[in-house]
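Structure at a glance
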Amino acid sequence: MTALIRAADEGDDAVIRILLGDAMGPDEAGLVGALREEGVLLDALVACAGSPSAEPVGYGAASRLTVAGGRASCLAPLAVAAEHRHRGIGRRLAAALIERRREAGDDVMLVLGDPAFYGRLGFSAARARSFRTPWDGPHQQAIALSEAGRSLAGAVRYPRAFDGLA
Ligand SMILES: CC(C)(COP(=O)(O)OP(=O)(O)OC[C@H]1O[C@@H](n2cnc3c(N)ncnc32)[C@H](O)[C@@H]1OP(=O)(O)O)[C@@H](O)C(=O)NCCC(=O)NCCS
């Protein structure tokens, strides 16, 4: 069954909390609410199996990062319910978020995760190395979304909602 991707709305909050808690642990269940309260949630998408009114089985969000000289976001959190994984839902959610931020005029997007998964979407650890983040290392990856994004560099400030996570 093909999953449909649509914008998340507040009616999805309870299911998203459960989805994130199951996929990433109890500390991340409240992440979306915290990002929204902080005013940094840019895009939030759900994947629904079968029809747009079906219960979401996947969730992905982009939130604002602060970096001097450009517009940056991070792709987080991204989660798919265990029984719906390995069908391309995670990849489609991530690709849709990248496209939305590109269309919105952002310069760069960062993600912290498995290079085997995110590398296929165009993220690279090499592009991330010019940034200083709280999570520098091989799992920190970036993708340029504009010409300026190819050379953007420097210290990156994350939303407070991520403090203590990852
Ligand atoms: C990471 C996560 C979001 C990926 O979701 P997903 O829907 O399984 O992702 P995809 O299906 O797009 O890709 C995952 C794998 O399925 C494979 N796949 C994709 N479509 C497929 C299909 N139609 N048939 C079979 N396999 C497929 C991909 O090649 C990929 O293979 P790999 O795991 O060997 O690298 C999911 O595993 C998850 O929620 N994990 C827990 C939370 C987490 O770690 N989030 C990321 C934090 S950075």
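Presented here is an overview of the structure given in this document.

The rules behind each value
Residues numbered from 1 in each chain as written. Predicted model: local features only at pLDDT ≥ 70, side-chain atom pairs only at ≥ 80, totals over all residues. Heavy atoms only, no water. Salt bridge = Lys/Arg side-chain N within 4 Å of Asp/Glu carboxyl O. Helix = DSSP H or I, 4+ residues; strand = E, 2+ residues; numbered from the N terminus. Buried < 20%, exposed > 50% of the residue type's maximum accessible area, 1.4 Å probe, protein only. Contact = heavy atoms within 4.5 Å. Phe/Tyr/Trp six-rings, centres within 6.5 Å; stacked < 30°, edge-to-face > 60°. Expected span 1.5 Å × (residues − 1). Arc of directions from axis to C-beta.

Before going further, it helps to examine the pattern of salt bridges. Tallied over the entire structure, the rule returns 10 salt bridges. In the salt-bridge network here, residues are joined through shared partners; they are Asp 43, Arg 64, Arg 71, Arg 100, Arg 101 and Asp 106.

Looking at the element boundaries, Ser 73 is found in strand 4 (residues 70–80). Residue class for Ser 73 comes out buried when judged on its relative accessible area of 0%. Once you skip the residues sitting within four places of it in the chain, Ser 73 turns out to touch Leu 42, Ser 63, Arg 64, Leu 65, Arg 101, Asp 106, Val 108, Met 109 and Leu 110.

Below, the discussion takes up the packing of aromatic side chains. Overall, the coordinates contain 4 aromatic pairs when judged by the stated rule. Summarising the aromatic geometry, the rings of Phe 117 and Tyr 118 are spaced 4.8 Å apart at their centres and angled 85° between planes, so their arrangement reads as edge-to-face. Through a chain of ring-to-ring contacts, three or more aromatic side chains come together here, namely Phe 117, Tyr 118 and Phe 123.

With that settled, consider helix 1 (residues 13–24). Residue pairs spaced three or four apart in an α-helix point in one direction, given the helix's 3.6 residues per turn. The end-to-end C-alpha distance of helix 1 is 16 Å, a good match for the 16 Å that 12 residues give at a rise of 1.5 Å each. Every buried residue of helix 1 is accounted for by Ile 16, Leu 19 and Leu 20. The buried residues of helix 1 occupy an angular sector of 90° when the element is viewed end-on, so they sit on one face. For helix 1, the exposed residues lying more than 90 degrees away from the buried face are Ala 14, Ile 18 and Asp 22. In the stretch just after helix 1, Gly 25 is the one whose phi turns positive, near 100°.

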